[in-house]
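A structural walkthrough
For reference, the chains in residue letters:
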Amino acid sequence: MAVQVLTDKTYEEFVASEKLVLVEFWARWCSYCKLMEPILAELSEEYRNRVTIATVDVETETGTAERLNVQGLPTLLLYRNGRLLGQVNGFVPKETLTAELLDKALQL
């Protein structure tokens, strides 16, 4: 499953899913965001039926980033049913992201 691209218009409906949704806020100029790209692609395959992975480009979709007070990049937010379950700021290795965020949320 490919990583989904969200806009200011689609964000709220998308994160309201009953399935876990992991959203990365990123920008083209962000070197750590580029490092997260292959990790998110791998996670979208490995967690295919359990977690949906999406991204928001903060340069083109400024409303959502401002409303959520996203200050550093990358910022990763994890949702279920529109409720924020967890947040990670900055680059984290895949193992940390899976163990400390995704796997914990899947056990809830």
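Rules used throughout
- Residues numbered from 1 in each chain as written.
- Predicted model: local features only at pLDDT ≥ 70, side-chain atom pairs only at ≥ 80, totals over all residues.
- Heavy atoms only, no water.
- Helix = DSSP H or I, 4+ residues; strand = E, 2+ residues; numbered from the N terminus.
- Rg over C-alpha atoms; globule rule 2.2 N^0.38 Å.
- Buried < 20%, exposed > 50% of the residue type's maximum accessible area, 1.4 Å probe, protein only.
- Contact = heavy atoms within 4.5 Å.
- Areas by Shrake-Rupley, 256 points an atom, 1.4 Å probe, with all protein chains shown as cover.
- 1 Å grid on protein atoms, 1.4 Å probe; cavity = no way out; pocket = protein on both sides within 12 Å on 5 of 7 lines; lining within 4 Å.
- Points joined across faces, edges and corners; volume = space filled by probe spheres on them.
- Nonpolar A, V, L, I, M, F, W, Y, C, P; charged D, E, K, R; others polar.
- Pairing = 2+ DSSP bridges.
- Axes fitted to C-alpha atoms, helices over the stretch in contact; angles between N-to-C directions.

1. Regarding the overall build of the chain
The helix and strand inventory of the chain stands at four helices and five strands. For the chain, the sequential pattern of α-helices and β-strands runs β-α-β-α-β-α-β-β-α. Taken against the 2.2 N^0.38 rule, which gives 13 Å for 108 residues, the C-alpha radius of gyration of the chain at 12 Å falls within 12% of a compact globule. Dimensions of the chain along its principal axes, counting C-alpha atoms only, are 35 × 30 × 25 Å. Counting all 108 residues of the chain, 41% fall into the buried class. For the chain, the proportion of contacts with a sequence separation of at least 24, taken over those separated by at least 6, is 75%. Of the roughly 6100 Å² of accessible surface on the chain, a fraction of 50% belongs to carbon and sulfur atoms.

2. Considerations on the layout of surface pockets
Put simply, the largest pocket is a space of about 150 Å³. Lining of the largest pocket is provided by Val3, Val5, Glu24, Trp26, Cys33, Glu37, Leu40, Ala41 and Thr55. Looking at the lining of the largest pocket, its residues break down into six nonpolar, one polar and two charged.

3. Considerations on the sheet that holds strand β2 (residues 20-26)
If you trace the five strands from one edge of the open sheet to the other, you get β1-β3-β2-β4-β5, paired in mixed fashion. Every other strand in the sheet has two partners, leaving β1 (4-5) and β5 (83-89) as the edge strands with one partner each. With seven bridges joining them, β2 and strand β3 (residues 51-57) adopt parallel strand pairing. Bridging across to β3, Trp26 finds its partner in Asp57. Its contacts with the sheet place helix α2 (residues 31-46) against β2, β3 and β4 (75-80), and it is angled at close to 160 degrees to β2.

4. A look at unusual backbone geometry
Note that the residue after Leu73, namely Pro74, is joined by a cis bond; omega there is -10 degrees. Structurally, Pro74 can be placed in the loop between α3 (62-67) and β4. Even without being glycine, Asn69 reaches a positive phi, approximately 60 degrees. By secondary structure assignment, the location of Asn69 is in the loop between α3 and β4. Despite not being glycine, Asn81 has its phi angle at roughly 55 degrees, a positive value. Relative to the helices and strands, Asn81 is located in the loop between β4 and β5.

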